[in-house]
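If you want the building blocks of each chain, they are given just below.
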Amino acid sequence: MGIPTEPIGSIPRPAELLAAMADHAAGRIGDEELAAAQDRAVCDTVRRLEEIGSPVVTDGEQTKPSFATYPLTGLNRLAPDGVIIPFADGHQRQLPRLTAGPLRYGVYADRYLHAALRHAASPVKQAVIAPSALSLLYPPDGIEGYPREAFLDDLTAEAEADIRRCLDAGAHRVQLDFTEARLALKLDPSGSLLDQFIALNNRVLDRFSSTEQTRIGVHTCPGGDQDSTHSLDVDYTALLPALLRLKAGAFYIQLASEPEPDRVLAVLAEHLPDQAQVFIGVTDPIDPRVETPEEVRDRVLAAARHLPPNRLGTCDDCGFSPFADDTSTSRDTAFAKISARIEGTALAARELVSERPGPSSTLAG
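Residues numbered from 1 in each chain as written. Predicted model: local features only at pLDDT ≥ 70, side-chain atom pairs only at ≥ 80, totals over all residues. Heavy atoms only, no water.

1. Considerations on the side chain of Asp 59
Here is step 1 of the chain: Secondary-structure assignment places Asp 59 in the loop between α2 (31-51) and β1 (78-79).
Here is step 2 of the chain: Buried charge without a partner: Asp 59 forms no salt bridge, and the closest opposite charge is Lys 64, 6.2 Å away.
Here is step 3 of the chain: Among the polar contacts listed, one links the side chain of Asp 59 to the backbone nitrogen of Glu 61, at a separation of 2.8 Å.
Here is step 4 of the chain: Among all residues touching Asp 59, those that are not within four sequence positions of it are Val 42, Thr 45, Tyr 112 and Ala 116. (Helix = DSSP H or I, 4+ residues; strand = E, 2+ residues; numbered from the N terminus. Buried < 20%, exposed > 50% of the residue type's maximum accessible area, 1.4 Å probe, protein only. Lys, Arg positive; Asp, Glu negative; His and termini not counted. Salt bridge = Lys/Arg side-chain N within 4 Å of Asp/Glu carboxyl O. Polar contact = N/O pair within 3.5 Å; in protein donor to acceptor, adjacent residues only side chain to side chain. Contact = heavy atoms within 4.5 Å.)

Written as structure tokens, this is what we have:
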């Protein structure tokens, strides 16, 4: 068995799909034509991942409006003036604001999983938004007739359903996207907001058995949108001990873009829960340069000096296009980086095998 390697989620949409989305928004094509273009994009994404040897594939989030807002599709109890997320380059993203209860998801992520499974011969993982992100929909001044605790009860139930439907549909793993973890420390350096987020996410994860939790992972990064981040300046050493309290079987940790990866790896090694697997980011989606397989290999070998190789995996730092309108990275560049990740991980696995005595090592390339 080699070192596992998995994609995080989004891949830039092909030009045909972007054009179909624009035409649909303008009323030039109908729902059926858009759905056909979306299915072709999913099929092409799965095919290209399998062709470059990805042992686990995704739909590339081809049909999500964004990694965070897909559950809100079709809902009408929203206003546009919600929480603003500022990025380092000056651009912003804004969440909607919930105006009335009860909260119910308009779309569950198993819709995207089923679409990918129709085209895949390989295991398929599914990304879902962490409930902590959607907790930001609730306004600070409350909602008349819908107290915050009732909202959190509804959010917990809906987030559980989102994850469980994907597990039941056969997802290889369900990945909670928790990009707001690092942002929480930027907004509130005391750690109180982060602790609230961790408690809410564990409130959902507690609803799953220990066996089910092994198929649930958590991804964290400092954001990645239009080649910019929202919280890269937040020190990981303040985040990881809290993050690793989450009751998940895998952690996907952005690392390729970190200026001092050894410091991060040391904290990971100290706090990684028993039996949990850690996937380290070895490619940086917002860097236009494509990493070489040898660079990826060296990053894996550096991680293996801190972490047990049998609990180590690799991933991309973040998704390549978490919002549908983000075209800052080309589709071909994304696949080239993924290919380098896959090849470099295999190189590292072979080197780690050669360093171990005896023929019985489990780390084959």
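Now that the structure is up, let's keep going.
2. Examining the pattern of salt bridges
Here is step 1 of the chain: All told, the structure shown has 30 salt bridges when counted by the stated rule.
Here is step 2 of the chain: In this structure, Glu 61 and Lys 64 form a salt bridge, with 3.6 Å as the shortest nitrogen-oxygen distance. Per residue, the accessibility class of Glu 61 equals that of Lys 64, and both read buried.
Here is step 3 of the chain: In this structure, the salt-bridge partner of Arg 104 is Asp 154, at a minimum N-O distance of 3.5 Å. With Arg 104 in the loop between β4 (97-98) and α3 (110-117) and Asp 154 in helix α5 (residues 148-168), this pair connects stretches of sequence that are 50 residues apart.
Here is step 4 of the chain: For Asp 154, a relative accessible area of 17% translates into the label buried.
Here is step 5 of the chain: Connected through salt bridges with shared partners, the residues Asp 44, Arg 47, Glu 51 and Arg 331 form a single ionic network.

3. Comments concerning the pairing of strand β7 (residues 216-220)
Here is step 1 of the chain: In terms of burial, β7 is a largely internal element, five of the five residues being buried.
Here is step 2 of the chain: Of the two faces of β7, the one carrying Ile 216, Val 218 and Thr 220 and the one carrying Gly 217 and His 219 are both buried.
Here is step 3 of the chain: As judged from the four bridges shared by strand β6 (residues 174-177) and β7, these two strands associate in the parallel manner. Paired with Asp 177 across the strands is His 219, a residue of β7.
Here is step 4 of the chain: Sheet topology places β7 next to strand β8 (residues 250-253); four bridges connect them, and they run parallel. (Pairing = 2+ DSSP bridges.)

4. Brief notes about the packing of aromatic side chains
The relative placement of two aromatic rings is captured by the distance of their centres and the angle of their planes.
Here is step 1 of the chain: Within this structure, the stated rule accounts for seven aromatic pairs.
Here is step 2 of the chain: Ring geometry for Tyr 252 and Phe 279: centres 4.6 Å apart, planes at 25°, overall stacked. Placement of Tyr 252 in strand β8 and of Phe 279 in strand β9 (residues 277-283) is noted, with a sequence separation of 27 residues between them.
Here is step 3 of the chain: Accessibility expressed as a relative area gives 0% for Tyr 252, which makes it buried. (Phe/Tyr/Trp six-rings, centres within 6.5 Å; stacked < 30°, edge-to-face > 60°.)

5. Quick notes on the sheet that holds β9
Here is step 1 of the chain: Strand order in the open sheet formed by six strands is β5-β6-β7-β8-β9-β10, with parallel pairing between adjacent strands. Looking at the sheet topology across the chains shown, the edges are occupied by β5 (126-129) and β10 (312-316). Recorded for the sheet is a direction-independent mean angle of 30° between the axes of neighbouring strands.
Here is step 2 of the chain: Sitting on the sheet, helix α12 (residues 331-355) touches β9 and β10, and the angle it makes with β10 is about 165°. (Axes fitted to C-alpha atoms, helices over the stretch in contact; angles between N-to-C directions.)

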